[in-house]
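# Structural overview
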Amino acid sequence: MEMIIAGLLDSLSPASLMFVFIGVALGVLIGAIPGINGPMAIALFIPVTYYMSALTAIGFLVGLNKGAFFGGAVSAVLLRTPGTPEAAATSWDGYPLTQQGKGEKALRMALYSSVAGDFVSTLVLILIAAPLAAVALFMGPAEIFALISLALTVIAGIGTNSIGRGLMAAGFGILAGLVGTEPVTALPRLTFDIYQFGSGLSLIPVAIGLLAFSEILLQLEKFTGKVGAEHAANTFSKKLEDRLVSFKEFFSNTKTLLRGSLIGIGVGAMPGLGAPVASFMSYDQAMKRSKNKDEFGKGRLEGIGASESANSAVVASSMIPLFVLGIPGNLAVAMLMGAFMIHGMQPGPLMFQENAQLMYGIYGSLVIASIFLLVIGQFGLRYFCKAVNIPAMILYPIVVFTCIMGAYLGKSSMFDVGVMLAFGFIGYFMRKFDYSYVAFLIGFILAPEWERALQQVVIISEHDTYMFFQRPVAMGLMALTFFVIARTFWKNTKGGKKQQVEVAASAAGEHKGD
Amino acid sequence: MTRIKRDLIAYLVIAGFSILMLTWGIPTYTPAHPGYGASPALVPNVAVGIMLFMACLSILRICMAILRNESISAEESEFPEDMKEEAGFTQVGRVKLFHLASIMVPSVLLVVAIEYVAYIFVSFIFLMVLQYAIGCRKCLQSVVVSVALTAVLYIVMRYGFGVPVPGPQLF
């Protein structure tokens, strides 16, 4: 109990409050800019947190992520340009409201729904993470190895249409994660005689390159000379009923919000699904259960509430696998995992024993971030809307240069900037060729832990290859891993037959390209 | 070049890289097995093995489809911009090499030049070039953005974080 109170008091310290506030405000601002999302913002700002205490840093990044999730709705509602996939469902009803001059009302509904979903999800995280972590402590290295194998397989399907390419990306990520010092012999491995590789590839330059720099390379293709041309004009009506969401309007959607939150919690707690799935699933359910199905897509507040409550609920619930098992379920959490490691913590069930006070401080920061999101959104909404009109000519050079300096900041090394550029280049091709950079990054982050677990299994079992058969949970998880691979291959083959074009015609060069 | 052809080339490159790593990279740059625990080469071999296996499987699948004149889903065989329906959120598309070079070349030059020339000069020139590359032709705007950004980051790094900016220190 003392730990809980001390942790919560830590989260109420002026520095912590200030950085959570800055994080949320920055997150909303960044999320509102089309093309910049939460994980990218976290990657860019992790170097800044080197100079903060662990609690302040995590609070800041959590606030950034929460803010960016809501911020994504701003461009979706005002421009029908969702900055992130999960905001797409919000635009279906948000943009029609903007066309009716009710953009502010749509954004306020998105804000209240986001806060509601986020708050419920945070409470669930607080209530169940610690008890589940206590159970997870009974897992040995064999179970951890099997669990990471399963997670890598599930995650291989994210961000690509092909699990085969996802697995290749995960394999490449694992390989990159193994560069550096080998854990058993403590000798350099895969360093190719480059001494800077001796301590391994740092997460920050790799993440900034893959997430931010490669994204900017792509955005510049699309937006050069165009961003800023599309203004959110005639957005806000001056009538009060067109600007504000009444209590009646909000509470008439309570069921939808609750359902959306529960869907978001369920989806977020499962590694690999992510916020877009929650958002679309919740929207679909809201439409099916509504008495006014025909009004969906024409500017219905219920549609916005369903989408936003679900995708915001994913933010906190996706931390459940991180806190309980030490496995990131999506990209934003993978970035947070990196931040935990940078600040000397190994995410997983042991965190509740080794860093109990800090964990409760983080819980406090999560709740505070939700409150700040409501306050900042309530009073600053109109100002954040201006972010969607920042011209590309000004915005993108700033982001490119921030990527470069962010990569430099970690070790004050231009070598890391080179690494960042290399991974930006690789990331550009990965995206263009449909290889999952999410699978790569999660493979990169989990590789050392995966190898450590394997080494422990081999050493404990004294090279007994039947070790896994003696551990039913590990065996079950490995069986599940093979089942997931087989099922996905089968589904891909079956799905491929539905929509067919002649490969011979394609190979003959029917479509002229580069 | 069609997407199928491009993918085939990519799989061949991945397979080639994997074979190179398995036969030269991993054996040469991995310490010897100390006699206890798993071999230090085991996990790298498994990771590269997965890449090689999946690449070979994909090559085989495409070759079989071509030989049997079978069909492959439009999602896999066409570029999204060629498809009639919306491409959704996928960023799959044709590589625009000139665009890529216009950003990457100045960035690489910045990394090299900053070690020899002071941060302030190199950053200013880099930002000017970058803005020109992305289509900005407003001279005053370019200068203002370049000067402001260079100065802000200098102040933040030097006085905010206490980190020296890269390259020779002028002041």
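Computed from a predicted model, the values in this text were never measured in an experiment.

### Section: the overall build of chain B
Along the backbone of chain B there are 6 helices and 1 strand. Ordering the α and β elements of chain B from the N terminus gives α-α-β-α-α-α-α. Across the 171 residues of chain B, 33% fall into the buried class. Put simply, of all contacts in chain B between residues at least 6 apart along the chain, 52% involve residues at least 24 apart.

### Focus on the overall build of chain A
Summing up its helical and strand segments, chain A has 23 helices and 3 strands in all. Expressed as a percentage of its 514 residues, the buried residues of chain A come to 62%. Put simply, of all contacts in chain A between residues at least 6 apart along the chain, 80% involve residues at least 24 apart.

### Concerning the packing of helix 1 (residues 3-28) of chain B against helix 2 (residues 42-67) of chain B
All names here are of chain B. Contact geometry of helix 1 with helix 2 gives a least axis separation of 9 Å together with a crossing angle of 150°. Considered as vectors, helix 1 and helix 2 are oriented roughly antiparallel to each other. Crossing hand, helix 1 versus helix 2: left-handed. Contact residues: I4, L8, Y11, L12, I14, A15, S18, I19, M21, L22 and I26 in helix 1; P44, N45, V48, M51, L52, A55, C56, S58, I59 and I62 in helix 2. For the contact of helix 1 with helix 2, the per-class residue count stands at 18 nonpolar, 3 polar and no charged.

### Some thoughts on the domain arrangement of chain B
Under the domain assignment, chain B is made up of domain 1 (3-82) and domain 2 (98-161). Of note, the centres of domain 1 of chain B and domain 2 of chain B, computed from C-alpha atoms alone, are 38 Å apart.

### Notes on the confidence of the model for chain A
Residue and element names in this part refer to chain A. For chain A, per-residue confidence averages 83 on the pLDDT scale, and 89% of positions sit at 70 or higher. Note on residues 225-234: pLDDT under 50 across the span, and 17 contacts to partners over four residues away in sequence or across chains. Counting interchain partners and residues more than four positions distant, the pLDDT-below-50 stretch residues 496-514 has 44 contacts.

### Remarks on the environment of A:E449
Residue and element names in this part refer to chain A. Along the chain, E449 falls in helix 21 (residues 437-461). Given 20 C-beta atoms within 10 Å, E449 falls into the buried group. Placed 266 residues apart in sequence, E449 and P183 show a C-alpha to C-alpha distance of 10 Å.

### Looking at the nonpolar core
Nonpolar side chains in soluble globular proteins tend to end up buried together. Formed by 221 residues in total, the largest nonpolar core has its most connected members in A:I208 and A:L441. When residues of this core are assigned to their parent elements, the largest contribution, 16 residues, is made by helix 4 (residues 54-79) of chain A. Residue-level mapping places this core at the junction of two domains, with at least three residues from each of domain 1 (3-82) and domain 2 (98-161) of chain B. When neighbours within four sequence positions are excluded, A:I208 is seen to be in contact with A:A43, A:L44, A:F213, A:C403, A:G406, A:A407 and A:M420.

### Section: unusual backbone geometry
Residues and elements named next belong to chain A. In this structure, A186 takes a positive phi of about 60° despite not being glycine. Note that A186 resides in the loop between strand 1 (180-181) and strand 2 (188-189). Even without being glycine, F192 reaches a positive phi, approximately 50°. Looking at the secondary structure, you find F192 in the loop between strand 2 and helix 9 (203-223).

### What about helix 5 (residues 88-99) of chain A?
Residues and elements named next belong to chain A. Along its 12 residues, helix 5 runs 17 Å from first to last C-alpha, staying within 8% of the 16 Å computed at 1.5 Å per residue. Of all 12 residues that make up helix 5, 10 are buried, and the element is covered over most of its length. When helix 5 is considered as a whole, its buried residues turn out to be A88, A89, T90, S91, W92, D93, G94, Y95, L97 and T98. Considering only its buried residues, helix 5 is in contact with helix 4, helix 6 (103-136), helix 13 (275-289) and helix 14 (301-317).

### Some points on the environment of B:S102
You can see B:S102 is positioned in helix 4 (residues 97-114). It is 30 Å that separates the C-alpha atoms of B:S102 and B:R158, two residues lying 56 residues apart in sequence.

### Overview of the packing of helix 3 (residues 38-45) of chain A against helix 4 of chain A
Residue and element names in this part refer to chain A. Put simply, helix 3 and helix 4 touch, their axes get as near as 9 Å, and they point 150° apart. Judged by the inter-axis angle, helix 3 sits roughly antiparallel to helix 4. Taken as a pair, helix 3 and helix 4 cross one another with a handedness that is right-handed. Listed contacts from helix 4 to G38, A41, I42 and F45 of helix 3 are L61, L64, N65, A68 and F69. Residues belonging to the contact of helix 3 with helix 4 are distributed by class as follows: 7 nonpolar, 2 polar and no charged.

Rules used in this analysis
- Residues numbered from 1 in each chain as written.
- Chains lettered and ligands numbered in written order.
- Predicted model: local features only at pLDDT ≥ 70, side-chain atom pairs only at ≥ 80, totals over all residues.
- Helix = DSSP H or I, 4+ residues; strand = E, 2+ residues; numbered from the N terminus.
- Buried ≥ 20, exposed ≤ 12 C-beta atoms within 10 Å, placed from the backbone.
- Contact = placed C-beta atoms within 7 Å.
- Axes fitted to C-alpha atoms, helices over the stretch in contact; angles between N-to-C directions.
- Parallel < 35°, antiparallel > 145°, perpendicular 65-115°, else oblique.
- Left-handed = near helix turned anticlockwise from the far one by under 90°.
- Nonpolar A, V, L, I, M, F, W, Y, C, P; charged D, E, K, R; others polar.
- Domains from an automatic or database assignment.
- pLDDT = per-residue confidence, 0-100.
- Core = buried A, V, L, I, M, F, W, Y, C linked by C-beta atoms within 7 Å.
- Expected span 1.5 Å × (residues − 1).

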